[in-house]
Amino acid sequence: MEALLNPHLPFDPSLASGAHLAYWVGPRHLAGDDGRLYDAVADSLTGFGWTSLTVVRGRRELDEPLEDHQVLRSTVLHISRDALRWAQWVLPDEPFHLGGLPIAWQVSARSDASPLADWSAYFTLDVPGEVITDFLFALDECGQPTTLPVGPEAVLDAATAHGWLRDADQPHAAAIHPTFTARLSLGEVPPLIQDADSRALTAEAEGPGAMGWQAWAETAMSAPYLWAASFSASVPHGLVAAFACSLSSTAPVLRRVLPESTRDQLLRAPAS
């Protein structure tokens, strides 16, 4: 028998005797990252056979006493077996912000012909770990991570297949959740998004800038973003489609920790 998701079921174990510690919740775009975004993604990358590197770096001000010298340690870089793709946990390294939120994961890929990244994708905290993992699985499985013969319609089709709606004003460039709490849109990328497209490197260039996919969730119109994701112009549409498919999936996700801002909007059922 399938347990129905109940929005009124207490989530906090202290609120009800015998309540479960873990819950299946949905929709997943409002479920947050369970407070373990690094572990969820890093464990998947290890399962893919990617290598992790520990970076040790220091920060020292001029004339600062040696005893005040700061040494920052974090496992930040995960590299695929063919070294054409990598994922970096940048949260401890004072990352730049996206939609007012600090970026947690940066994913990049290159072609055989270049030592530099052809494209990058960025994910803030509270992007569901399952969604980033599915994106990385698609990246790991594709033969050439910089050229996939799929057009932008594949991204919208992946979202609308799970009940999302095409934006009436941009039917060929944007899709939204029926509750208007999440959006996936193809448009000009924000500043500082790294890409091999030369337009991404030119500030205030004449004409349209580089176009890439952006995604975000918000609890209400004009409310602060719960999370944001940005894909640079050269990210293959097929990979963004994998992200869109996972993000829009109606399958519930397992959570012990929920974002405060979305608790009242989530359906939940005790995990057995």
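Residues numbered from 1 in each chain as written. Predicted model: local features only at pLDDT ≥ 70, side-chain atom pairs only at ≥ 80, totals over all residues. Heavy atoms only, no water.

Taken in spatial order, the three strands line up as S13-S1-S14 in an open sheet, and their pairing is antiparallel. The sheet is open, and its two edges are formed by strand S13 (253–255) and strand S14 (267–270), each paired on a single side. Within this sheet the neighbouring strands show an average axis-to-axis angle of 35°, counted without direction. Pairing of strand S1 (residues 23–26) with S14 involves four bridges; the strand directions are antiparallel. Along S14, the bridge assignment pairs Val25 with Arg268. (Pairing = 2+ DSSP bridges. Helix = DSSP H or I, 4+ residues; strand = E, 2+ residues; numbered from the N terminus. Axes fitted to C-alpha atoms, helices over the stretch in contact; angles between N-to-C directions.)

Our next topic: the packing of aromatic side chains. Counted under the stated rule, the structure contains 12 aromatic pairs. Aromatic pair Phe48 and Phe137: ring centres 5.8 Å apart, planes at 50°, arrangement tilted. Taken as a pair, Phe48 in helix H1 (residues 37–48) and Phe137 in helix H2 (residues 129–141) lie far apart in primary sequence, 89 residues in all. The partly exposed category is assigned to Phe137, whose relative accessible area is 42%. Pairwise contacts between aromatic rings join Trp119, Phe123, Phe135, Phe231 and Phe243 into one cluster. (Phe/Tyr/Trp six-rings, centres within 6.5 Å; stacked < 30°, edge-to-face > 60°. Buried < 20%, exposed > 50% of the residue type's maximum accessible area, 1.4 Å probe, protein only.)

Our focus in this paragraph is the packing of H2 against helix H4 (residues 237–248). Two elements in contact, H2 and H4, have axes separated by 8 Å at closest approach and are oriented at 150°. Taken together, H2 and H4 sit at an angle that is classed as roughly antiparallel. Read as a crossing pair, H2 and H4 show a hand that is right-handed. In this structure, H2 uses Glu130, Val131, Asp134, Phe135, Ala138 and Leu139 to contact H4, whose residues at the interface are Leu239, Val240, Ala242, Phe243, Ser246 and Leu247. Its residues assigned to classes, the contact of H2 with H4 shows nine nonpolar, one polar and two charged. (Parallel < 35°, antiparallel > 145°, perpendicular 65-115°, else oblique. Left-handed = near helix turned anticlockwise from the far one by under 90°. Contact = heavy atoms within 4.5 Å. Nonpolar A, V, L, I, M, F, W, Y, C, P; charged D, E, K, R; others polar.)

Right, let's get into the environment of Glu130. Residue position: Glu130 is located in helix H2. A relative accessible area of 26% places Glu130 in the partly exposed class. Taking the C-alpha atoms as reference points, Glu130 and Val41, separated by 89 residues in sequence, lie 7.9 Å from one another. Excluding its chain neighbours within four sequence positions, the residues that come into contact with Glu130 are Arg28, Ser246, Val253, Leu254 and Arg255. In this structure the side chain of Glu130 is engaged in a polar contact, spanning 2.8 Å, whose partner is the side chain of Arg255. (Polar contact = N/O pair within 3.5 Å; in protein donor to acceptor, adjacent residues only side chain to side chain.)

On to the packing of H1 against H2. Running from amino to carboxyl end, H1 crosses H2 at an angle of 25°, the nearest separation of the two axes being 9 Å. The angle between H1 and H2 places the two elements in the roughly parallel class. Remark: the crossing between H1 and H2 carries right-handed chirality. Residue-level inspection shows Leu37, Ala40, Val41, Ser44, Leu45 and Phe48 of H1 in contact with H2, the latter providing Gly129, Ile132, Thr133, Leu136, Phe137 and Asp140. Split by residue class, the contact of H1 with H2 holds eight nonpolar, three polar and one charged.

Here H2 spans 18 Å end to end across 13 residues, near enough to the 18 Å set by a 1.5 Å rise per residue. Listed as buried for H2 are Gly129, Val131, Ile132, Thr133, Phe135, Leu136, Ala138, Leu139 and Asp140. (Expected span 1.5 Å × (residues − 1).)

Turning next to the side chain of Asp118. Of note, Asp118 is situated in the loop between strand S6 (101–109) and strand S7 (119–124). Buried charge without a partner: Asp118 forms no salt bridge, and the closest opposite charge is Arg110, 7.5 Å away. With near-sequence residues (within four places) excluded, Asp118 lies in contact with Ala109, Arg110, Ser111, Thr146, Asp195, Ala196 and Ser234. (Lys, Arg positive; Asp, Glu negative; His and termini not counted. Salt bridge = Lys/Arg side-chain N within 4 Å of Asp/Glu carboxyl O.)

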